[in-house]
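These are the residues of each chain, in order.
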Amino acid sequence: MSNDEQSAPYGGVAQNNDAALVPAARKPARIRTHHLQRFKQEGQRFAMLTAYDAMMAEVFDAAGIEVLLVGDSAANVMQGSASTLSITVDELLVYAKSVVNGAKRALVVADLPFGSYQVSPEQAVHTAVRFMKEAGVHAVKMEAHAGLAAHVEAVVDAGIPVMAHAGFTPQAEHQLGGFRVQGRGEHAQQVLADAAALEEAGAFCLLVEMIPAELAAELEASLRVPTIGIGAGSATTGQVLVWQDMLGLNQPAQQGGRLPRFVKQYADLRGIITEAVQSFQSEVREGKFPAQEHMF
């Protein structure tokens, strides 16, 4: 048995046949998809953050984040695009490989970019294989509905874990009429049907975005696999945020915009960085940096 298969429940205490208490087993060396399933079964929660480079991946990994998502949101936060649609497979592969290099324990999941899997199940498998082979990710994420269940199933059958993404799907923003909450009223049944089809296709997890909290709770209760929420209430097993939003690097209010309602900022990283950069600039101008201790 591997170390992670011998583990007692997280936070628990293992016992031997003599009933003598021994220290709690180590957490697994690598988070796997079955650990997320175990979280759901044991009523535990887990956190997921986006990551796009090795350094931030190492920080989040060391802090204990269980899942790192190399999102196509890199088009927005790394490349400055207004939409996720523009990023290519080759571009996202670079970000994904960087995150894999920085993460030692977290499960690393990469988005399949728009246009790289919708054409056919064969195209989906081809793209997913590239992310596994060239970047070394542990799973891929596909924005999907019941009509794409065969694409998800083909990727799973190829031996690649799939995290499905339903509700509001940013790659379909134009079809959905912009950034709008999904699954209200009679449309809730469609989200439920999509989720059931994606689970049946073999998805190990379902990410649900911008749906009513009551619907997300129904999904969490009805599905065997864990759900991850973003703008989907508190009932899901996991929660995800874009790290630049969560740490306050993205401050759209300064550009006349606003953060999504579901974002909580845990730090003002933009403010901290701005102050530090201004101090550096001031010391350079005043001749205070470099000081004697910084010279050879």
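One numbering rule holds for all chains: residues counted from 1, following each sequence as written. pLDDT decides what is reported in this predicted model: residues at 70 or higher carry local features, side-chain atom pairs at 80 or more are listed and counted, and totals for whole chains, interfaces and linings draw on all residues regardless. The side-chain quantities take in all heavy atoms of the structure and omit both hydrogens and water.

## Looking at the overall build of the protein chain
Right, so step 1: Helix and strand assignments come from DSSP, with helices taken as H or I runs of at least 4 residues and strands as E runs of at least 2, each series counted from the N terminus. Helix and strand counts for the protein chain come out as 10 helices and eight strands.
Right, so step 2: Throughout this description, buried means an accessible area under 20% of the type-specific maximum (1.4 Å probe, protein chains only), exposed means over 50%, and partly exposed covers the range between. A total of 296 residues make up the protein chain; the buried ones form 47% of that total.
Right, so step 3: Only heavy atoms enter the contact rule, under which two residues are in contact if any of them lie within 4.5 Å. Sequence separation of 24 or more characterises 57% of the internal contacts of the protein chain that already satisfy a separation of 6 or more.
Right, so step 4: Each accessible area value is a Shrake-Rupley result obtained with a 1.4 Å probe; residue values ignore everything except the protein chains displayed when judging cover. By element, 54% of the accessible surface of the protein chain is carried by carbon and sulfur atoms, the whole surface being about 15100 Å².

## Digging into the nonpolar core
Right, so step 1: As used in this record, nonpolar core signifies buried Ala, Val, Leu, Ile, Met, Phe, Trp, Tyr and Cys residues forming a set joined through side-chain atoms within 4.5 Å. The biggest cluster of nonpolar side chains holds 63 residues, and the ones touching the most others in it are Phe-60, Leu-68, Phe-131, Val-137 and Val-140.
Right, so step 2: Ranked by residues supplied to this core, first place goes to helix α4 (residues 89–102) with seven residues.
Right, so step 3: Grouped together as the second largest cluster of nonpolar side chains are 17 residues, Leu-36, Leu-69, Leu-107 and Ile-230 included.

## Thoughts on a nonpolar patch on the surface
Right, so step 1: A cluster of nonpolar side chains, contributed by Phe-280, Val-284 and Phe-289, occupies part of the molecular surface with about 270 Å² of accessible area.
Right, so step 2: Considering the arrangement of structural elements, one finds Phe-280 in helix α10 (residues 269–285). Every patch collects residues that have over 30% relative accessible area and no salt bridge, joining them within 9 Å if they carry like charges and within 5 Å if they are nonpolar side chains (Val, Leu, Ile, Met, Phe, Trp, Tyr). Basic side-chain nitrogens of Lys or Arg form a salt bridge, by our definition, when they fall within 4 Å of a carboxyl oxygen of Asp or Glu.

## Concerning the UniProt feature "active site" (unreviewed entry) in the protein chain
Right, so step 1: Taking the UniProt record as the reference, the feature "active site" (unreviewed entry) is found at Glu-209.
Right, so step 2: Here Glu-209 lies in strand β6 (residues 205–209). UniProt positions are given in the numbering used here, feature names are shortened, and annotations may be inferred rather than shown by experiment.

## Observations concerning the UniProt feature "binding site: 3-methyl-2-oxobutanoate" (unreviewed entry) in the protein chain
Right, so step 1: The positions that UniProt labels "binding site: 3-methyl-2-oxobutanoate" (unreviewed entry) are, in the present scheme, Asp-72, Ser-73, Asp-111 and Lys-141. These annotated residues cover 70 residues of sequence, but their C-alpha atoms sit close together, with the largest distance between any two at 12.4 Å.
Right, so step 2: Topologically, Asp-72 is positioned in the loop between β2 (67–70) and α3 (74–77).
Right, so step 3: If near-sequence neighbours (up to four positions away) are discounted, Asp-72 is found in contact with Thr-84, Ile-87, Leu-92, Asp-111, Glu-143 and Gln-171.
Right, so step 4: Summarising the element assignment, Asp-111 is placed in strand β3 (residues 107–111).
Right, so step 5: By relative accessible area, Asp-111 is classed as buried at 2%.
Right, so step 6: The contact partners of Asp-111, leaving out residues within four places of it in the chain, are Leu-69, Val-70, Gly-71, Asp-72, Leu-92, Phe-131 and Lys-141.

## What about the packing of aromatic side chains?
Right, so step 1: Any Phe, Tyr or Trp ring, taking Trp's six-membered ring, that has another such ring centre within 6.5 Å forms a pair; planes under 30 degrees apart are called stacked, those over 60 apart edge-to-face, and the others tilted. Taken as a whole, this structure holds five aromatic pairs when the rule is applied.
Right, so step 2: Look at Tyr-52 and Tyr-95: their rings are 6.5 Å apart centre to centre, the planes differ by 80°, and that puts the pair in the edge-to-face class. Here Tyr-95 lies in helix α4 and Tyr-52 lies in the loop between β1 (46–50) and α2 (54–63), a separation of 43 residues in the sequence. In terms of burial, Tyr-52 and Tyr-95 fall into one category: buried.
Right, so step 3: Ring centres of Phe-168 and Phe-179 lie 4.9 Å apart, and the angle between their planes is 45°; this geometry places the pair in the tilted category. Placement of the pair is Phe-168 in the loop between β5 (162–167) and α7 (188–200) and Phe-179 in the loop between β5 and α7, with a sequence separation of 11 residues.

## Re α7
Right, so step 1: The terminal C-alpha atoms of α7 lie 18 Å apart, and with 13 residues this matches the ideal 18 Å at 1.5 Å per residue to within 8%.
Right, so step 2: The complete set of buried residues in α7 reads Ala-188, Val-191, Leu-192, Asp-194, Ala-195, Leu-198 and Glu-199. Angular distribution of buried residues about the axis of α7 spans 160°; they occupy a single face of the element. Away from the buried face of α7 by more than 90 degrees, exposed residues Gln-189 and Glu-200 are located.
Right, so step 3: Contacts made by the buried residues of α7 are with α6 (149–157), β5, β6 and α8 (213–222). Working rule for helices: expected span equals 1.5 Å times residues minus one. Throughout, the arc means that of the directions going from the helix axis to the C-beta atoms.

## Observations concerning the pairing of strand β4 (residues 139–143)
Regular strands place side chains that alternate from one sheet face to the opposite one.
Right, so step 1: For β4, the buried fraction is high: five of the five residues fall into the buried class.
Right, so step 2: Because side chains alternate across β4, one face comprises the buried residues Ala-139, Lys-141 and Glu-143, and the other comprises Val-140 and Met-142, equally buried.
Right, so step 3: In short, DSSP must find at least two bridges between two strands for them to pair. Sheet analysis places β3 next to β4, joined by three bridges and oriented parallel. Bridging from a neighbouring strand, Ala-110 pairs with Val-140 of β4.
Right, so step 4: At this point the chain moves from β3, through helix α5 (residues 121–135), to the parallel β4, and the crossover so formed is right-handed.
Right, so step 5: The sheet contact formed by β4 and β5 spans four bridges and is parallel. By the bridge assignment for β5, Val-140 is matched with Val-162.
Right, so step 6: Here a crossover is taken to be right-handed if, once the strands point away from the viewer, the path from the first strand over the helix to the second is traced clockwise. In terms of handedness, the path from β4 via α6 over to β5 forms a crossover that is right-handed.

## Details of unusual backbone geometry
Right, so step 1: In this structure, the amide linkage connecting Phe-289 to the following residue, Pro-290, adopts the cis form with an omega of 0°.
Right, so step 2: Topologically, Pro-290 is positioned in the segment after α10.
Right, so step 3: The phi dihedral of Met-210 is positive, around 50°, even though this residue is not glycine.
Right, so step 4: Here Met-210 shows up in the loop between β6 and α8.

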